[in-house]
Each structure stands twice: as structure tokens, then as C-alpha cells.
Amino acid sequence: RLEQIARAANEQSESGGLLASVPVWRVQAARLASRILPRRLREWLDRQLMVAGNPVSIESLILVQMAAPVLVSAALLPVMVAGLSPRLVVLIVALTLAGPAVWVSGRATRRRAAIENELPDFVDLLVVSVEAGLGFEGALSRIGEYMDGPLGEEVAHVRADLGLGVGRQRADRKSTRLNSSHGY
């Protein structure tokens, strides 16, 4: 996503097209992140954010991930001059750098667990709806109206994909890829 935003911003910067309404800092953060961060780390962060339900934008997360160690280092500089071990400062900065990624990973894990907890009820509702004569898509629509939480959000995403003409298998595969769990 970062590379797409940066590429589209470059193409449309003069035309005032699609990205005219995107805040400049997000475009600049996307450009910077696409240059600085390794591709695999960007992809991992992007996937973890999607699994976590996109609690923040990837640009915001990367901005925090890049700015936090600098700010913490600046704050610890007077303490380091006063006698704090440089190794301890490096450890604190390293933990600060890893903090946002750990937070997103934890959110993704909790969301996945919530989906696993809601899944038996979803399957029961789906079976009852189909047995009552609704088709698969109708049953998803009906269930999506009543389900809250992360599984309800995923059902809404699948319904939106189906409404856009994406095939069932592809929409289901996308949701499964993002939210796969060991038990299901």
C-alpha cells in the first residue's frame, strides 16, 4: 500500500486527482517509508494492520516507529550524560523501535482470538439460515446484520466483495488468508 500511495502521489501531484484530499504528511510518510524500510517489514506491518482491523494507518504507524526512538534518545541524552549506561540507552531505544510492531502484533492476535470465539455462533447461524431457505449470500447478509465484533466486520468485508462482483472463493480466500487460525 505504501508503494502504491507514493507512486500515485508522484503521478498525481500536479493534476490534483485522487490524492488531492490525502494529507501531505501521509504521502510524505509513505514515500519515506517506501525508501527506508525493507520491503518484507513493510509487507509484514501492512498485513498485521489488516489482521488487527486497521486500528491506525500504516503511515501513522511507521511515523511513530521512526520518530519514537529519536524522541526517546533525545529525552535520555541528559540522563545518559549524568551517568546512565550507554548500553541501557541503546536497549531502551531498541525497545522503543520495536514497540509499535509489538502493539500491532498483539492487536492482531487478540482480534484473531475474538474471531475464533465468535466462529461457532457464526457457523450455527449460517446453517440455520441456509436450512431456512436463504442462499449463501442472503444468509451472510442476514448474519452480518446481527453480528458485532471482528467476525461481523469480516462478514461485512466478504459481503462488500461479493457485491462488487468478486467471486465467492476469492472473497473467502482473502478473508481466510488475513484471519487464518489454527483451529479452523
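Because the structure is predicted, anything quoted here is derived from the model rather than measured. (Residues numbered from 1 in each chain as written. Predicted model: local features only at pLDDT ≥ 70, side-chain atom pairs only at ≥ 80, totals over all residues. Heavy atoms only, no water.)

(A) The arrangement of the pattern of salt bridges in detail. A complete count under the given rule lists four salt bridges for this structure. Note that E153 is salt-bridged to R111, the shortest N-O span being 2.9 Å. A residue pair is termed long-range when its members are at least 10 positions apart, and E153 in helix α7 (residues 149–163) and R111 in helix α5 (residues 86–131) qualify at 42 residues. A salt bridge links E145 to R142; the nearest nitrogen and oxygen atoms lie 3.8 Å apart. With E145 and R142 both in helix α6 (residues 136–146) and three residues apart, the pair spans about one turn of that helix. (Salt bridge = Lys/Arg side-chain N within 4 Å of Asp/Glu carboxyl O. Helix = DSSP H or I, 4+ residues; strand = E, 2+ residues; numbered from the N terminus.)

(B) How the structure looks around a nonpolar patch on the surface. A cluster of nonpolar side chains, namely L77, M80 and V81, defines an oily patch on the protein surface of about 290 Å² accessible area. What makes M80 partly exposed here is its relative accessible area of 31%. (Patch = residues over 30% accessible without salt bridge, like charges linked within 9 Å, V, L, I, M, F, W, Y side chains within 5 Å. Areas by Shrake-Rupley, 256 points an atom, 1.4 Å probe, with all protein chains shown as cover. Buried < 20%, exposed > 50% of the residue type's maximum accessible area, 1.4 Å probe, protein only.)

(C) Representation of the packing of helix α3 (residues 39–51) against α5 within the structure. Relative to each other, α3 and α5 sit at 40 degrees, their axes nearing to 8 Å. The angle between the axes of α3 and α5 places the two elements in the oblique class. As for how α3 packs across α5, the hand of that crossing is left-handed. Within the contact between the two elements, α3 uses W44, L45, R47, Q48, L49, M50 and V51 and α5 uses A101, V104, S105, A108, R111 and R112. For the contact of α3 with α5, the class distribution of residues is eight nonpolar, two polar and three charged. (Axes fitted to C-alpha atoms, helices over the stretch in contact; angles between N-to-C directions. Parallel < 35°, antiparallel > 145°, perpendicular 65-115°, else oblique. Left-handed = near helix turned anticlockwise from the far one by under 90°. Contact = heavy atoms within 4.5 Å. Nonpolar A, V, L, I, M, F, W, Y, C, P; charged D, E, K, R; others polar.)

(D) Layout of the side chain of Q48. Tracing the chain through its elements places Q48 in helix α3. If sequence neighbours within four positions are ignored, Q48 has contacts with V104, S105 and A108.

(E) Molecular detail of the nonpolar core. Judged by nonpolar contacts, I115, L119, F122, L126, A139, L140, I143, M147, L151, V155, V158 and L162 together constitute the single largest core of 12 residues. Those elements that place two or more of their residues in this core are α5, α6 and α7. Not counting chain neighbours up to four residues away, the residues in contact with L151 comprise I115, E118, L119 and F122. Ranked by size, the runner-up nonpolar core spans eight residues in total, among them L37, L49, I58 and L61. (Core = buried A, V, L, I, M, F, W, Y, C linked by side-chain atoms within 4.5 Å.)

(F) The confidence of the model for the protein, seen in detail. On average, residues of the protein score 75 in pLDDT, and 73% of them reach the 70 mark or higher. The weakest mean pLDDT in the protein belongs to helix α1 (residues 2–12) at 56; the strongest belongs to α5 at 86. Predicted confidence is poor over residues 14–19, with pLDDT under 50, and the contacts of this stretch with residues over four places away or in other chains come to six contacts. (pLDDT = per-residue confidence, 0-100.)

(G) Quick look at the environment of N54. With respect to the secondary-structure elements, N54 resides in the loop between α3 and α4 (58–81). Separated by 54 residues in the primary sequence, N54 and A108 place their C-alpha atoms 9.3 Å from one another.

(H) Inspection of the environment of R39 at higher detail. Looking at the element boundaries, R39 is found in helix α3. For R39, a relative accessible area of 48% gives the class partly exposed. Within polar-contact distance, the side chain of R39 engages the side chain of E43 at 2.7 Å. (Polar contact = N/O pair within 3.5 Å; in protein donor to acceptor, adjacent residues only side chain to side chain.)

(I) Looking closely at the packing of α5 against α7. Remark: α5 packs on α7, axes separated minimally by 7 Å, with the N-to-C direction vectors making an angle of 75 degrees. Taken together, the axis directions place α5 and α7 in an arrangement best described as roughly perpendicular. Across from R111, A114, I115, E118, L119 and F122 in α5, the residues of α7 making contact are G149, P150, L151, G152, E153, E154 and V155. Classifying every residue of the contact of α5 with α7 by side-chain character gives seven nonpolar, two polar and four charged.

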